[in-house]
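# Close look at the chain arrangement
Below, each chain spelled out in residue letters.
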Amino acid sequence: FRSGPEPLIHDGYTYTTLELPSGIIWMKDNMRSANHSSGTSCCMNNNSANCATYGRLYTRGGATTVCPSGWSLPTDDEWKELEGYFGMNASDQGSTGWRGTGIGTTMKNDFNISMSGYMLQFCGSAPTNYAIGEGTAFWTTTCSANCYYPYARRFRSSYTTIERTTQPYYVDLLHVRCVKRPN
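So, how was this worked out
- Residues numbered from 1 in each chain as written.
- Predicted model: local features only at pLDDT ≥ 70, side-chain atom pairs only at ≥ 80, totals over all residues.
- Heavy atoms only, no water.
- Buried < 20%, exposed > 50% of the residue type's maximum accessible area, 1.4 Å probe, protein only.
- Helix = DSSP H or I, 4+ residues; strand = E, 2+ residues; numbered from the N terminus.
- Arc of directions from axis to C-beta.
- Contact = heavy atoms within 4.5 Å.
- Salt bridge = Lys/Arg side-chain N within 4 Å of Asp/Glu carboxyl O.
- Disulfide = S-S within 2.5 Å.
- Pairing = 2+ DSSP bridges.
- Axes fitted to C-alpha atoms, helices over the stretch in contact; angles between N-to-C directions.

### Concerning helix 5 (residues 103–110)
Among the residues of helix 5, Ile 103, Gly 104, Met 107 and Lys 108 are the ones counted as buried. Buried residues along helix 5 cover an arc of 140 degrees about the axis, so they all sit on one side. Those residues of helix 5 hidden inside the fold are in contact with helix 3 (76–85), strand 11 (150–156) and strand 12 (162–166). Downstream of helix 5 by a residue or two, Asn 112 has a phi angle that is positive, lying close to 55 degrees.

The following block contains the structure:
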């Protein structure tokens, strides 16, 4: 695996990177910055030590504004390209649900996907926390119909696959990885 050209330092945090053959550079670490212009972010279990270790959780509004200048929240297609880089076939890349047998495990190991937790809230119910060690989830910029449910990626500790799903943009708190596109 090719590492990125150099680590990125942003808001006092150092992020390792990975450069794909297309020239897109991915952060291999979850964003930790509390500096964003909209939405909400928090630490898992409201514990600041969890932010330092696992990164912050962001609403979709916070996710769209937290990446450093020149970087952005990845699209669904950029996630598909990343999954292909780690060996997922094109048919699985375009599917929703849990797909890419073995690729989730590879990405957990080689792309620093830690089971850092996330929070979901379904239609007015109390939030469901997926605890540290159980799973993790990431926002994309790509929306399904009417942008009420943006695409996301979820990983679970006991699964070897990756879920391509949609999440309600207004209540869920997920992690962020940023990308830098070639000029």
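### Looking at the pattern of salt bridges
Overall, the coordinates contain 8 salt bridges when judged by the stated rule. The closest approach of N and O atoms between Lys 80 and Asp 76, which form a salt bridge, is 3.7 Å. Taken as a pair, Lys 80 and Asp 76 lie in helix 3 at a separation of 4 residues, close to a single helical turn. Of the two residues, Lys 80 and Asp 76, neither departs from the other in class, the shared state being buried. Between Glu 163 and Arg 154 there is a salt bridge; the shortest N-O distance is 2.7 Å. Here Arg 154 falls in the buried class, since its relative accessible area comes to 13%. When salt bridges that share partners are traced, they join Asp 76, Asp 77, Lys 80, Glu 83, Arg 99, Arg 153 and Arg 164 into one network.

### Overview of the state of the cysteines
According to the stated counting rule, one finds 2 disulfides in the structure shown. Two residues share a disulfide in this structure: Cys 43 and Cys 51, whose sulfurs sit 2.0 Å from each other. Between Cys 43 and Cys 51, the S-S dihedral sits near -115 degrees, and the bridge is therefore left-handed. No difference in accessibility class separates Cys 43 from Cys 51, as the two residues are buried. One disulfide bridge connects Cys 67 with Cys 178, the sulfur atoms lying 2.1 Å from each other. In this structure the cystine formed by Cys 67 and Cys 178 twists about its S-S bond by roughly -90 degrees; its chirality is therefore left-handed. Of this pair, Cys 67 sits in the loop between helix 2 (60–63) and helix 3 while Cys 178 sits in the loop between strand 12 and strand 13 (179–180), placing them 111 residues apart in sequence. The exposure class assigned to Cys 67 is buried, which follows from its relative accessible area of 14%.

### Some words on the sheet that holds strand 11
With respect to topology, 4 strands assemble into an open sheet ordered 7-12-11-10, the strand pairing being antiparallel. In this open sheet, the two strands that pair with only one neighbour each are strand 7 (97–99) and strand 10 (135–143). Each strand of the sheet is rotated relative to its neighbour by a mean of 25 degrees, with strand direction disregarded. Sheet topology places strand 7 next to strand 12; 3 bridges connect them, and they run antiparallel. Bridge pairing in strand 12 places Trp 98 opposite Glu 163. Strand contacts of helix 3: strand 7, strand 10, strand 11 and strand 12, with the helix running at about 35 degrees to strand 11, the strand carrying the most contacts. This element, helix 5, spans strand 11 and strand 12 of the sheet and lies at about 85 degrees to strand 11.

### Considerations on the environment of Tyr 148
Within the fold, Tyr 148 resides in the loop between strand 10 and strand 11. Sequence-wise, Tyr 148 and Gln 167 are 19 residues apart; in three dimensions their C-alpha atoms are separated by 8.2 Å.

### Description of the sheet that holds strand 4 (residues 25–27)
Strand order in this open sheet of 3 strands is 3-4-13, and the pairing throughout is antiparallel. In this open sheet, the two edge strands, each paired with only one partner strand, are strand 3 (17–19) and strand 13. One ladder, built from 2 bridges, connects strand 4 with strand 13; its direction is antiparallel. From the neighbouring strand, Trp 26 faces strand 13, where its bridge partner is Val 179. Relative to the sheet, helix 3 contacts strand 3, strand 4 and strand 13, its axis offset from that of strand 4 by approximately 90 degrees.

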